[in-house]
Amino acid sequence: MKFTRTAPRTGATASGRGILTASLAGLALLLAACGSDSSNADTSTKAPTQGTDPVSLAAGSATGTPTADTAAPVAGGTLTFAVANDPISLNPSSTGSGNDTLYVTRQLFDSLTEQDPATGDVIPWLAKSFKASDDAKSFEFTLRPGVTFSDGTPLTAASVKATFDDINTAGAKAASAIVALAGYTETEVTGDLTFTVKFSEPNGSFLQATSAIALAPVAASTLAIPYDDRASGVGVVGTGPFTLDHYTKNNEVVLKKRTGYNWGPADRTNTGEAHLDQVVFKIVPESGVRTGSLESGQVQVIGGVAPQDISGLKDSGFGLVVRPNPGLTFGLTANVSRPIVGDLAVRQAIAHAVNATDVRDTALNEYFKVATSSLAANTPGWADQSALISFDPEKSKALLDAAGWVPGPDGIRAKDGVPLHLLTAYISNFGPNQTALELVQQELKDVGIDVELWTGTVPDLLAGQQEGKFDLIWGNSSRADGDVLRTTFSSVASNYYKIDDKELDAALIGQQSTADPAKRNAFLATAQKILVEKAYQVPVHELTTVLGTAKNVHGVVLGADSRLSQLTDASIG
């Protein structure tokens, strides 16, 4: 089956963003299409729907009923947006601080494709058409003409080839991007605007991956800068609607509107220049300070609204932009190379000791769902594993007893003189993480497991993860495709968790080897069952992105991955 997509023909009307719709239609599941290459053909991708649609709670809505933002955009002005974390790196293919990094870099860089948040379809962006081979080993693209980088140089097929080759050379340094290029052999340039990306093995999730920031084309001048020197953003050039004015670490990132931009994707209301003149991302780590800054008018948008602040903002008439995150749920993932959690009985004991509902109710609120699988319920390929997930501390104790872990005088178990002590790592880029883990820590202590919590920056955590320093890692990963399981857990991908499970690998590689939705779903269902049954990951709760906006701010929307979309539709007034 071939996956074909062509840009809307001239005169097509751009639809509004799904985040602004009032309907509660579900997200499309899997992205695949068969059809002609003709620009007159209907190449829309439709699939079964499920999950929760994005919701925008408009400013002044007393009941919180989803309503469309219909205010006419006002040109000009500076939007100040408070985020929790310094971005660390403005290089699109490298690792930064998570979502807050991507909020900034999405304004600077465009992608070959866009994943429409209203439908889940992969649609044209920088590439006006694309087609997958039957075996999902090669992907043909045709770029739209007239696109330029912000340094004035044209976007060409050679630009994309050079970007992909650079990522391939950078390897693990380009951690956010290299997993999408598994099996990459070359990008063959077949014309100024045409190219074919080739793989040695099937890569059925590649087209969806091209909608991510990590694979965004960058200018030749950027590639001339050593990879490690691009984090500051100086000289890092994309095709996006904003350009970097300056980045002051741990303080702010200031972006300027790019004049002449006119190649946004068709799911935007405004596909041309941004209405705003300037965007300032302020680094404000404390969630309460961010909320106070919005209430006092010091900023117009805040990210990472604390669960306890949501109702107060809504009741005061501030806008809330809310969308459940697809991808890997928040939970505990074991590094099975560590002796204690390498034992299946210990992992299963951990799983039965965690009361996910209590964690959600204590650290979060009803906007955040209790996990029913390793995938969030609005992720393409989700399969309900709730029958395998149970809070049963007595079963947890029985499993540990049978495995030879004996309670000591302080209640903490030991075996052959080794205490049941687990170093558990997390990052503080999501405020409720600490509260959630402190409760998990107590729940595990109740069955005799001693948990030591460690926190640090994203790079520090990744370094410790690569060194095998941690027993458990708490976290999630947002992506609107079930392939996030492969990039997280497969032994032939990042392999951070040292899982050596042939059945799991077969399912994860199997779903990547086909673009057929039914086949991918079946493989992904198998993978989720294995992950939960063998407690490689203990799912706890889903993530929901919540932004707060001033009453006069309009057009701030979230993408299919529930991260901030480009601010071309945003305006103040």
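Just above sits the structure.
Here goes a summary of the coordinates provided. (Residues numbered from 1 in each chain as written. Predicted model: local features only at pLDDT ≥ 70, side-chain atom pairs only at ≥ 80, totals over all residues. Heavy atoms only, no water.)

1. Structural notes on the side chain of arginine 106
So, point 1. Counting through the fold element by element, arginine 106 comes out in helix α1 (residues 99-108).
So, point 2. One buried charged residue, arginine 106, remains without a salt bridge, the closest side chain of opposite sign being aspartate 110 at 5.3 Å.
So, point 3. Here the side chain of arginine 106 touches serine 111 through a polar contact of 3.0 Å, side chain to side chain.
So, point 4. Here arginine 106 is in contact with Ser111, Trp125, Ser211, Ala212, Ile213, Leu564, Ser565 and Gln566, once residues within four sequence places are set aside. (Helix = DSSP H or I, 4+ residues; strand = E, 2+ residues; numbered from the N terminus. Buried < 20%, exposed > 50% of the residue type's maximum accessible area, 1.4 Å probe, protein only. Lys, Arg positive; Asp, Glu negative; His and termini not counted. Salt bridge = Lys/Arg side-chain N within 4 Å of Asp/Glu carboxyl O. Polar contact = N/O pair within 3.5 Å; in protein donor to acceptor, adjacent residues only side chain to side chain. Contact = heavy atoms within 4.5 Å.)

2. Points about the sheet that holds strand β20 (residues 418-419)
So, point 1. Strand order in this open sheet of three strands is β18-β19-β20, and the pairing throughout is antiparallel. Pairing within the sheet leaves two strands with one partner each, and these edge strands are β18 (406-407) and β20.
So, point 2. When β18 meets strand β19 (residues 413-415), the two strands line up antiparallel, connected through two bridges. Considered in β19, the bridge of valine 406 is made with alanine 414. (Pairing = 2+ DSSP bridges.)

3. Looking at the packing of aromatic side chains
To describe a pair of aromatic rings, one takes the distance between the centres and the angle between the planes.
So, point 1. As enumerated under the stated definition, the model contains 17 aromatic pairs in all.
So, point 2. Between tyrosine 261 and tryptophan 263 the ring centres are 4.9 Å apart and the planes differ by 55°, which places this aromatic pair in the tilted class.
So, point 3. Chaining the aromatic ring pairs together yields one cluster made of Phe130, Phe139, Phe141, Phe164, Tyr184, Phe195, Phe199 and Phe206.
So, point 4. Sitting above the plane of the phenylalanine 318 ring, lysine 551 keeps its charged end 5.4 Å from the centroid. (Phe/Tyr/Trp six-rings, centres within 6.5 Å; stacked < 30°, edge-to-face > 60°. Lys NZ or Arg CZ within 6 Å of the ring centre and 35° of its normal.)

4. Here we look at the nonpolar core
Nonpolar side chains tend toward joint burial in soluble globular proteins.
So, point 1. The biggest cluster of nonpolar side chains holds 60 residues, and the ones touching the most others in it are Leu332, Ile350, Ile449, Leu485, Phe489 and Leu504.
So, point 2. Sequence-distant contacts of isoleucine 449, that is, excluding residues within four places in its chain, are made with Ile350, Leu400, Ile412, Leu420, Leu422 and Leu444.
So, point 3. Counting residues in each nonpolar core, the second largest holds 43 residues, with Val253, Val279, Val321 and Leu564 among its members. (Core = buried A, V, L, I, M, F, W, Y, C linked by side-chain atoms within 4.5 Å.)

5. Things to note about the environment of tryptophan 382
So, point 1. Mapped onto the elements of the fold, tryptophan 382 is located in the loop between α9 (356-363) and α10 (393-402).
So, point 2. Taking the relative accessible area as the measure of exposure, tryptophan 382 reaches 25% and is therefore partly exposed.
So, point 3. For the pair tryptophan 382 and proline 326, spaced 56 residues apart in sequence, the C-alpha separation works out to 9.4 Å.
So, point 4. Separated by 3.1 Å, the side chains of tryptophan 382 and threonine 372 make a polar contact.

6. As for unusual backbone geometry
So, point 1. Phi angles above zero are rare outside glycine, and alanine 136 is one such case at about 60°.
So, point 2. With respect to the helices, strands and loops of the structure, alanine 136 is situated in the loop between β8 (127-132) and β9 (138-143).
So, point 3. Positive phi values are uncommon outside glycine, yet asparagine 250 reaches one of about 60°.
So, point 4. Mapped onto the fold, asparagine 250 is located in the loop between β12 (242-248) and β13 (252-257).

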